[in-house]
Amino acid sequence: MIKGKKIPFVNENLKMSKALKILTEKSLGILIIRNKDKKTIGIITDGQIRRFSQKNLEFQTLTVKQIMTKKPISIHWFRQDLRLSDNPALSAAIESGDILPIYILDDINSSDNKMGEASRWWLHHSLSSLNKKLGGKISFYNGDPKNVFSTLSEQYDVKSIYWNRCYEPWRI
């Protein structure tokens, strides 16, 4: 087992030219990528670097985040079901492994069905309570869910998305 300073942790914004030096110094054939919160978000192996360098001559100017294999996650999309118990989609997401819980405020597709101020007040307090129960882990977005999921798929290796069905015609 490798411990302490021998573990090849690098920051996601490190340039590949410096990452190559660390990879060589550690002699392990792998780098573990962390974000600013020191959470592991991916890996790079020497084989990946070799394959990538054959395709892209400028790869040393890229950051490790642009090349790394991302840690696969499942997304749980909270919609109207802002509860932890009796939530089949959340249960399935948890069983699948690491999850990213999200909420998207969609005022674009709702057209004439936008929430009023009282509903927004209730939503704010319900989401605050739910987020507190989840240790502040919910990521909040505003806009068209198609665009949000497109952005998330660029940032993460999304293996699945879970949600419970809504029955309003504009949400289906």
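What you see is a predicted model; the values in this text were computed from it and never measured.

Chemist: In this structure, what is going on with helix α4 (residues 88-95)? I would like to understand it.
Modeler: Listed in full, the buried residues belonging to α4 are Ala89, Leu90 and Ala93. Seen from one end, α4 has its buried residues packed into an arc of 95°, which puts them on one side. Summarising the geometry of α4, the exposed residues directed more than 90 degrees from the buried face are Pro88, Ile94 and Glu95. Considering only its buried residues, α4 is in contact with β5 (72-78), β6 (99-105) and β8 (157-162). Backbone geometry just after α4 places Gly97 at a positive phi near 125°.

Chemist: Can you walk me through the nonpolar core in this structure?
Modeler: Side chains of nonpolar character tend, in soluble globular proteins, to be buried together. In terms of nonpolar packing, the biggest core is built from 15 residues, with Met16, Ile33, Ile44 and Val64 touching the most fellow members. Within the residue set of this core, elements represented by two or more residues are α1 (16-26), β2 (30-34), β3 (40-45) and α3 (64-67). With three residues, α1 is the largest single contributor of residues to this core. If near-sequence neighbours (up to four positions away) are discounted, Ile33 is found in contact with Val10, Asn11, Glu12, Lys39, Thr40, Ile41, Gly42, Ile43, Ile44, Val64 and Met68.

Chemist: For this particular structure, what's the right way to read the sheet that holds β6?
Modeler: Strand-to-strand pairing in sheets goes through backbone hydrogen bonds, with the strands running parallel or antiparallel. The sheet built from four strands is open, its strands ordered β7-β6-β5-β8 with parallel pairing. Each edge of the open sheet is held by one strand with a lone partner, namely β7 (139-142) and β8. Direction aside, neighbouring strands of the sheet carry axes that sit 30° apart on average. Relative to β8, β5 runs parallel, the two sharing five bridges. In the strand pairing of β8, Pro72 is matched with Asp157. The sheet strands contacting helix α5 (residues 117-133) are β5, β6 and β7, and the helix crosses β6 at an angle near 170°. In this fold helix α6 (residues 145-155) packs onto β5, β6, β7 and β8, with an angle of close to 150° to the strand it touches most, β6.

Reading the values: rules and limits
- Residues numbered from 1 in each chain as written.
- Predicted model: local features only at pLDDT ≥ 70, side-chain atom pairs only at ≥ 80, totals over all residues.
- Heavy atoms only, no water.
- Buried < 20%, exposed > 50% of the residue type's maximum accessible area, 1.4 Å probe, protein only.
- Helix = DSSP H or I, 4+ residues; strand = E, 2+ residues; numbered from the N terminus.
- Arc of directions from axis to C-beta.
- Contact = heavy atoms within 4.5 Å.
- Core = buried A, V, L, I, M, F, W, Y, C linked by side-chain atoms within 4.5 Å.
- Pairing = 2+ DSSP bridges.
- Axes fitted to C-alpha atoms, helices over the stretch in contact; angles between N-to-C directions.

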